[in-house]
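Single-letter residue listing:
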Amino acid sequence: MTLVLGIESSCDETAAALVTGDRRILAQVIASQEEEHAPYGGVVPEIAARAHAERLAPIVEKVLREADVTLADCDAIAATAGPGLIGGVMVGLVTAKALAMASDTPLLAINHLEGHALSPRLADEHLQYPYALLLVSGGHCQILRVEGVGKYQRLATTIDDALGEAFDKSAKVLGLGYPGGPAVEKLALEGDAQAVPLPRPLKGSKEPHFSFAGLKSAVLRAHETGNYSDADIAASFQAAALDCILDRMRKALGEMEEVSALVVAGGVAANKTIRGGLEGLAAEFDLAFTAPPLPLCTDNAAMIAWAGIERLEAGFDADPLDFRARPRWPLDPDAEPARGAGVKA
Ligand code: KG4
Ligand code: ZN
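No experiment lies behind these values; they were computed from the predicted model shown.

The rules we used
- Residues numbered from 1 in each chain as written.
- Chains lettered and ligands numbered in written order.
- Predicted model: local features only at pLDDT ≥ 70, side-chain atom pairs only at ≥ 80, totals over all residues.
- Heavy atoms only, no water.
- Phe/Tyr/Trp six-rings, centres within 6.5 Å; stacked < 30°, edge-to-face > 60°.
- Buried < 20%, exposed > 50% of the residue type's maximum accessible area, 1.4 Å probe, protein only.
- Helix = DSSP H or I, 4+ residues; strand = E, 2+ residues; numbered from the N terminus.
- Lys NZ or Arg CZ within 6 Å of the ring centre and 35° of its normal.
- Expected span 1.5 Å × (residues − 1).
- Polar contact = N/O pair within 3.5 Å; in protein donor to acceptor, adjacent residues only side chain to side chain.
- Disulfide = S-S within 2.5 Å.
- Donors = N, O, S within 2.8 Å, 3.2 Å for Na, K, Ca; no water.
- Tetrahedral: all angles 85-135°; square planar, octahedral: opposite > 155°, others 65-115°.
- Pairing = 2+ DSSP bridges.
- Axes fitted to C-alpha atoms, helices over the stretch in contact; angles between N-to-C directions.
- Contact = heavy atoms within 4.5 Å.

(A) Spotlight on the packing of aromatic side chains. Counted according to the given criterion, the structure contains four aromatic pairs. Ring centres of Y129 and Y131 lie 5.9 Å apart, and the angle between their planes is 10 degrees; this geometry places the pair in the stacked category. Classification of Y129 by relative accessible area gives partly exposed; the value is 22%. By relative accessible area, which is 0% here, Y131 ends up buried. Relative to F237, the ring of F167 lies with its centre 4.9 Å away and its plane at 85 degrees, an arrangement referred to as edge-to-face. Pair noted here: F167 is in helix α5 (residues 163–173) and F237 is in helix α8 (residues 230–255), with a separation of 70 residues, a long-range link. Like F167, the residue F237 is buried in the burial classification. Between R121 and the ring centre of Y129, over which it is positioned, the NZ or CZ distance is 4.0 Å.

And the structure:
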């Protein structure tokens, strides 16, 4: 049975996991750096890199001990090699290289986005290629047609902010601290989603992309008027975001070649309102709907190990020990650049 050690360190979670080819997570540890970054209202790259450097080795040791396996038992060591905050990515990748070299085990340099994109297949053995994927995280908001391992067609991306970023910035305006997504979701439960008139950027647009910068600014302006409760702002923001997501996804599904399912992945996929809305959309298109369980939505190493397993099983070669850490690494290098999207595509 294939066994892969996964390592994740591209943002503010230091994580390691051991996953088998038959979808068992033998052990996993996710150490969040929330406390370190909370005073700054967002992730500070230098602090993140130092924290990964301190924590990663003991975490790897812990998962190996918990699963009672050695590095020599692993078929590969898979680490996120990008995209992400480069200091953190380098800590994870260099650690994986050293472990691979010392144990004479193949290295797999994994695209973090591929980890998110394939995570639903770790959770759901029935999910078949090709599927339509909404990848929504702190750094990305993309619609992809996932055709197989390493085969992605990007149909849409954001021209400014990612949706997770809009959640985090709205949370900051509402004084909810970092990370904002879960806090906004919780507060929204007490609010009226119709109370605050907020824009739906690019809704109905002929271009396929997303835009959330205008929505984020409108949240700030609504807050400054003093006319609305924070809960009403949170609920109205979430409703506006969902409205945009459904509009863009409906357009993409209408234009996409056949797929087996509608899938959502990435940190924002943890949001129940967004999951619920997408489930309804899938039913509209007569598609199965899959979303990974919450701990597999936000950053974790099981998805990185799983992407490694998929790569091994698809016959991809191991990666060389001089593989370079990549701050940017699009899943679909052939996708046309969206206007203004140089930064986040
Ligand atoms: O995938 P992820 O853990 O890291 C990146 O690769 O970016 O996503 C983190 C993002 C953050 O912006 C966070 O606020 C958001 O996912 N998030 C949520 C929820 N849980 C996490 N957004 C909305 N609702 C949630 N429940
Ligand atoms: Zn992520």
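(B) Quick peek at helix α11 (residues 302–313). If you check α11, its first and last C-alpha atoms are 16 Å apart, about what 12 residues at 1.5 Å a residue would give, namely 16 Å. Counting buried positions along α11 gives 10 out of 12 residues, so the element sits mostly inside the fold. Inspection of α11 places A302, M303, I304, A305, W306, A307, G308, I309, E310 and R311 among the buried residues, and these make up the whole buried set. Downstream of α11 by a residue or two, G315 has a phi angle that is positive, lying close to 90 degrees.

(C) Fine view of helix α4 (residues 112–123). Over its 12 residues, α4 runs 17 Å from end to end, which matches the ideal 16 Å to within 8%, given 1.5 Å per residue. Within α4, 11 of the 12 residues are buried, leaving the element largely enclosed by the surrounding structure. Its side-chain oxygen 2.8 Å from the backbone nitrogen of L113, N111 forms the N-cap of α4.

(D) Representation of the state of the cysteines within the structure. Using the criterion set out here, one finds zero disulfides in the structure. Its sulfur unpaired, C11 is 16 Å from the next cysteine sulfur, which belongs to C297. Looking at the unpaired C141, the closest cysteine sulfur is the one in C244, lying at 9.5 Å. On the basis of relative accessibility, which here comes to 0%, the residue C141 falls in the buried class.

(E) Broad picture of the coordination of the zinc ion (ligand 2). At this site the zinc ion (ligand 2) is bound by H112 (NE2), H116 (NE2) and D299 (OD), with donor distances of 2.0 to 2.1 Å. The coordination sphere of the zinc ion (ligand 2) comprises four donor atoms, whose angles at the metal cover 94 to 142 degrees; the geometry is irregular. Mapping the donors of the zinc ion (ligand 2) onto the primary sequence yields the spacing H-x3-H-x182-D. Of the two residues, H116 sits in helix α4 while D299 sits in the loop between α10 (294–297) and α11, which places them 183 residues apart along the sequence.

(F) Region of interest: the sheet that holds strand β5 (residues 107–111). If you trace the five strands from one edge of the open sheet to the other, you get β3-β2-β1-β4-β5, paired in mixed fashion. Of all the strands in the sheet, just β3 (25–32) and β5 have a single pairing partner and so form its edges. Direction aside, the axes of adjacent strands within the sheet are offset by 20 degrees on average. Two strands pair when backbone bridges link them, and strand β1 (residues 3–8) and strand β4 (residues 76–82) are joined in this way by four bridges, in the parallel orientation. Bridging from a neighbouring strand, G6 pairs with A78 of β4. The sheet strands contacting helix α2 (residues 45–67) are β1, β2 (13–20) and β3, and the helix crosses β2 at an angle near 25 degrees.

(G) How the structure looks around the sheet that holds strand β10 (residues 288–290). Within the open sheet, the five strands sit side by side as β8-β7-β6-β9-β10. Their pairing is mixed. Bordering the open sheet on either side are β8 (151–156) and β10, each of which pairs with just one other strand. In this sheet, neighbouring strand axes are inclined to one another by 25 degrees on average, regardless of whether the strands run parallel or antiparallel. In this sheet, β8 lies alongside strand β7 (residues 141–148) in antiparallel orientation, the contact comprising five bridges. Bridge pairing links G148 to K151 in β8. This element, helix α9 (residues 272–284), spans β6 (131–136), β9 (261–265) and β10 of the sheet and lies at about 160 degrees to β10.

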